[in-house]
Amino acid sequence: MEPTSLQEAVVTFSNQANCREYVVPRRWNGGVVTCPTCGSDHVKFQPQHNRWQCSNRHPRRQFTLKTGTVMEDSPLGMDKWLTAMWLVASNRNGISSWELHRTLGITQKSAWFLLHRIRLAVQDEKSGVKLGGEVEVDETFIGGKARNMHADRKRCVQKHGHNTGGKAIVLGMLERDKTVRTAVIEDRTKSVMQPIL
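Everything quoted here is computed from the prediction, not taken from an experiment.

Looking at this model, I keep getting lost on the pairing of strand β1 (residues 43–46). Mind explaining?
As defined by bridge partners, β1 adjoins strand β2 (residues 51–54) across four bridges and the pair is classed as antiparallel. Each residue of the ladder has a partner; that of Q46, found in β2, is R51. Between β1 and β2, which pair antiparallel in sequence order, lie four residues; one of them, N50, sits at a positive phi of approximately 55°.

In structure tokens:
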């Protein structure tokens, strides 16, 4: 039931039952719904309220698909969230909040909120883990030419004594077919780059 076009995504995710079928196996391992508060799998679905209730007695017994996720504090329904996620994942060049606002029929402010939450959800959780296998490392200079800078910015660059033409030095590390990590560094000396590598 994976949508292959925007029209299929809108039609599929407009039904709450389809949203549940799509999210439950992806959120809970093996498709067994568990309480986000206590971890118990003794839960009962309440179709009239579109939520589950844990059989154990504790605060926050009732929960929905959005509880404990990046969608939790949003008044937008799962139809908007899942369609937005599909759009972000299927657009190779990214999508702007304005395009999302026009496509979903929500405000631009809500579309901006959705995009930031979705990007937060897909961030690499292993940012502190070392890269392994074949890793390629290179640095590049990013920024405009010093002659095109405002006088204040040019003075600041000259004050710090960077001999990079006023550009920032960015170090990039690529683990083959997996992760890319970048870092802005002060200069290209061994004493600065060695600890990062």
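What follows picks up the thread again.
Sorry, what's going on with the environment of K167 here?
Note that K167 resides in the loop between α6 (151–160) and β5 (168–175). Taking C-alpha positions, K167 is 4.6 Å from G143, a pair spaced 24 residues apart along the chain.

Can you help me understand the packing of aromatic side chains in this one?
Each aromatic ring pair is specified by the distance between its two centres and by the angle formed by the two planes. Under the definition given, this model contains six aromatic pairs. A ring pair is formed by W52 and F63, whose centres lie 5.9 Å apart and whose planes are at 15°; its orientation type is stacked. With a gap of eleven residues between them, W52 in strand β2 and F63 in strand β3 (residues 62–63) connect regions that are remote in the sequence. You'll find W52 and F63 in the same group, each marked buried. Three or more aromatic residues joined by ring pairs make a cluster, and in this case those are W28, F45, W52 and F63.

How each quantity is defined
Per chain, residue numbering runs from 1 following the sequence as it is written. In keeping with the model being predicted, local features are shown solely for residues with a pLDDT of at least 70 and side-chain atom pairs are shown and tallied solely at 80 or more, while totals for entire chains, interfaces and linings include all residues. Hydrogens and water molecules were not included; the side-chain quantities draw on all heavy atoms of the structure. The pairing criterion for strands is at least two bridges between them, as found by DSSP. Helix numbers and strand numbers start at the N terminus; a helix is a DSSP run of H or I with at least 4 residues, a strand a run of E with at least 2. Two rings from Phe, Tyr or Trp (for Trp, the six-membered ring) form a pair when their centres are within 6.5 Å of each other. A pair whose planes differ by under 30 degrees is stacked, one over 60 is edge-to-face, and the rest are tilted. The classification of residues rests on relative accessible area computed with a 1.4 Å probe and restricted to protein chains. Under 20% of the type maximum is buried, over 50% is exposed, and intermediate values are partly exposed.

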